[in-house]
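# Fold and geometry: a report
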Amino acid sequence: MDEITTAAISDEQAFRRSLEASPMGVHLYQLTADNRLVFTGANPAADRILGVDNQQFIGMTIEEAFPPLAQTEIPWRYRAAAKDGIPWSTDQITYRDGEISGAFRVVAFQIGPGRMAAQFLDITDQKKTESRLKLFEEAVGSSTIAIGMSTPEGRHFYQNRAFDELFGEVGPDPSSVYVVRTVAEEVFGRLMSGRSFEGELKMHCRGRVRDIFLRAYPSFDEDGQIRALVGIHSDVTEQKQFLEIAQMNQKMEALGVMAGGIAHDFNNLLGGLFGYVNLALNAQEEGRCDGDHLKKALSVMERARALAGQLLTFSKGGEPVRKVQAVQPFLESNVRFALSGADVSCSFEFESNLWNARFDEHQVGQVVNNLVINAVQAMAGGGALRVRAGNVTLAEGTVEGLSPGPYSKWLFEDSGTGIPSELVSRIFDPFVSNRPGGHGLGLAVSHSIVRRHGGSISVASTGPGGTSFCVMLPAFPGADWKQPVETEIHHAGQGRVLIMDDEPVLREVLGEFLGGMGYEVLETSRGEDAVAQFLSAQAAQRPFCAVILDLTVRGGMGGKEAGLAIRAADAHVPMFVVSGYGEDGVMADPGKSGFTDSLRKPFDLPALAALLNRHLSQ
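So, here's what we can say about the structure. These figures come from a predicted structure and were not determined experimentally.

### What to know about the overall build of the protein
Within the protein, the regular secondary structure consists of 18 helices and 22 strands. Counting all 618 residues of the protein, 41% fall into the buried class. Across the protein, every contact between residues at least 6 apart in sequence was considered, and the portion connecting residues at least 24 apart equals 58%. On the protein, roughly 33100 Å² of surface is accessible, and the fraction owed to carbon and sulfur atoms is 53%.

Written as structure tokens, this is what we have:
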């Protein structure tokens, strides 16, 4: 046997050993002179992959052994490989009912003159996965929800079509879309610590600032390491605007419902006020001093002021102004206000040492108004409302959507007609109402307000008739509300005080108050006059020791503009702003507009004395 023959046999044996050990299935074919491609053998992997004994096909042509292949390009591709040495590879995929039923990766190549091998690997699972991933990518890409992804280092690498339409090209730094940089740092810091984030943020969207609700979470690899940060963004700008409009519309309807009762209460208060003043005048005519009736008149006026304050509270709109405050007096005043003129009795139950809560008294006051009016309308023939408040500490997962911690829990329980079971799960949806003619916005607005405060609102049936609404708001233990202690407040001073108010009665009363304290008073009705008088007094070296300006003047310069001019002329003069709109931005933060302090109308002599005591030496 020559060396060439020996080498050929050795190569053949090596090929056979490789064939037997290969994890890929292999079919062997021989091309005959009459162009018949005859099956000559297979390796064990081919039997395992196909689930058949391939020995039964030896001696058959490819078309005889595998009839389904006769209608494909495989037979002539195999012949070209065997005859001309032209290699060929492909993925052969079969479908059943629109789904992948089988898939093989095939490689055909020549192994000798007229001989060829076909290697194949079952890739069915791989192709099914690729098909599902493609469908998922198409779904994510065409989703109307904006989805973006970044690396753990913060480099933006993916955005779907909706993200591009909302934000445009953000570049490598995804934090650039956040309006507030510290907020972006907080979000990404939370994600990198392995936690998710959910909340409403301000973001830059193609040159505009929009309200975006963000759901973001870290994606982990098999080793538990963060491989990507995923953000799902929903533009809620229009939704918020709709809710604000709905909130105002609902206020107007609720105000109409209460108008008759409020007028009734005001008439009663005015009746008492006139009566007490007449009694005091009669006593004076008879030469008697009747301070008791005047004190009672002041008490009635205090109740009238509280009612007017509630009207202002109800009408307040704009951005929420959250502050920590006592729950008990807030609930009592708002519930009584909403019950004005209603044929409904009310009882209050408050837990001792009731925790304070942090909320916007105007917006949450509207929630209370909505719930009380809802209860009144459910008790058309009269009934009883029970309002309770207590402290509760929630553990993780106790109430869906609420973080663990301390909460103030409020219950509003009526004896009305109840809510049908089919409506309970949808009662907070817009336009879902339980009463004829109702637009279904009151409870939807209430739900939105409470959720924005980090709380929850829920409803439950209280038997055959009656409904219980539960409001939970974050609480602040350790700052319990105490009943304020009333003390006599006095003030005495000297010097000249400039006052500006467009209401003559109020100028007269304020002038009398200040005159009684020892001050000389100069009155003006417009901001322009106040500025002129202040500058004239400076020039004459007879400066004012204090200035009191009304914030709003009909048809003229108001206190804010006048105050800026006066402050420019004198950086140190005590300057106070007064207004009936107690939560105006200037009233809430007077120092920002150059004022020393603020005082809400209507105010009495002790309130004015307390203000002056704080800022003017006696």
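Read on for the rest.
### Considerations on the packing of aromatic side chains
For the coordinates displayed, the defined rule picks out 14 aromatic pairs. Considering the side-chain rings of tyrosine 78 and tryptophan 88, the 6.5 Å spacing of their centres and the 65° angle between planes classify their relative orientation as edge-to-face. With tyrosine 78 in helix H4 (residues 74-84) and tryptophan 88 in strand S3 (residues 88-96), the pair connects residues that are 10 residues apart, well separated along the chain. Across the pair, exposure class does not vary: tyrosine 78 and tryptophan 88 are buried alike. Taken together, a centroid distance of 6.0 Å and an interplanar angle of 40° make the contact between phenylalanine 330 and tryptophan 410 tilted. One end of the pair, phenylalanine 330, is in helix H10 (residues 327-338); the other, tryptophan 410, is in strand S15 (residues 405-414), with 80 residues separating them in the sequence. Exposure class is identical for phenylalanine 330 and tryptophan 410. Each is buried.

### Topic: empty space enclosed by the protein
One pass over the full model with this rule turns up 3 cavities of 30 Å³ or more. Of the volumes computed, that of the largest cavity is approximately 190 Å³. For the largest cavity, the lining is made up of 20 residues, of which Pro174, Tyr178, Phe188, Gly231 and His233 are closest to its centre. Among the elements that take part in the lining of the largest cavity, strand S10 (residues 226-235) stands out by supplying 4 residues, more than any other. Tallied by class, residues from the lining of the largest cavity come to 15 nonpolar, 5 polar and no charged.

Quick notes on the rules
- Residues numbered from 1 in each chain as written.
- Predicted model: local features only at pLDDT ≥ 70, side-chain atom pairs only at ≥ 80, totals over all residues.
- Heavy atoms only, no water.
- Helix = DSSP H or I, 4+ residues; strand = E, 2+ residues; numbered from the N terminus.
- Buried < 20%, exposed > 50% of the residue type's maximum accessible area, 1.4 Å probe, protein only.
- Contact = heavy atoms within 4.5 Å.
- Areas by Shrake-Rupley, 256 points an atom, 1.4 Å probe, with all protein chains shown as cover.
- Phe/Tyr/Trp six-rings, centres within 6.5 Å; stacked < 30°, edge-to-face > 60°.
- 1 Å grid on protein atoms, 1.4 Å probe; cavity = no way out; pocket = protein on both sides within 12 Å on 5 of 7 lines; lining within 4 Å.
- Points joined across faces, edges and corners; volume = space filled by probe spheres on them.
- Nonpolar A, V, L, I, M, F, W, Y, C, P; charged D, E, K, R; others polar.

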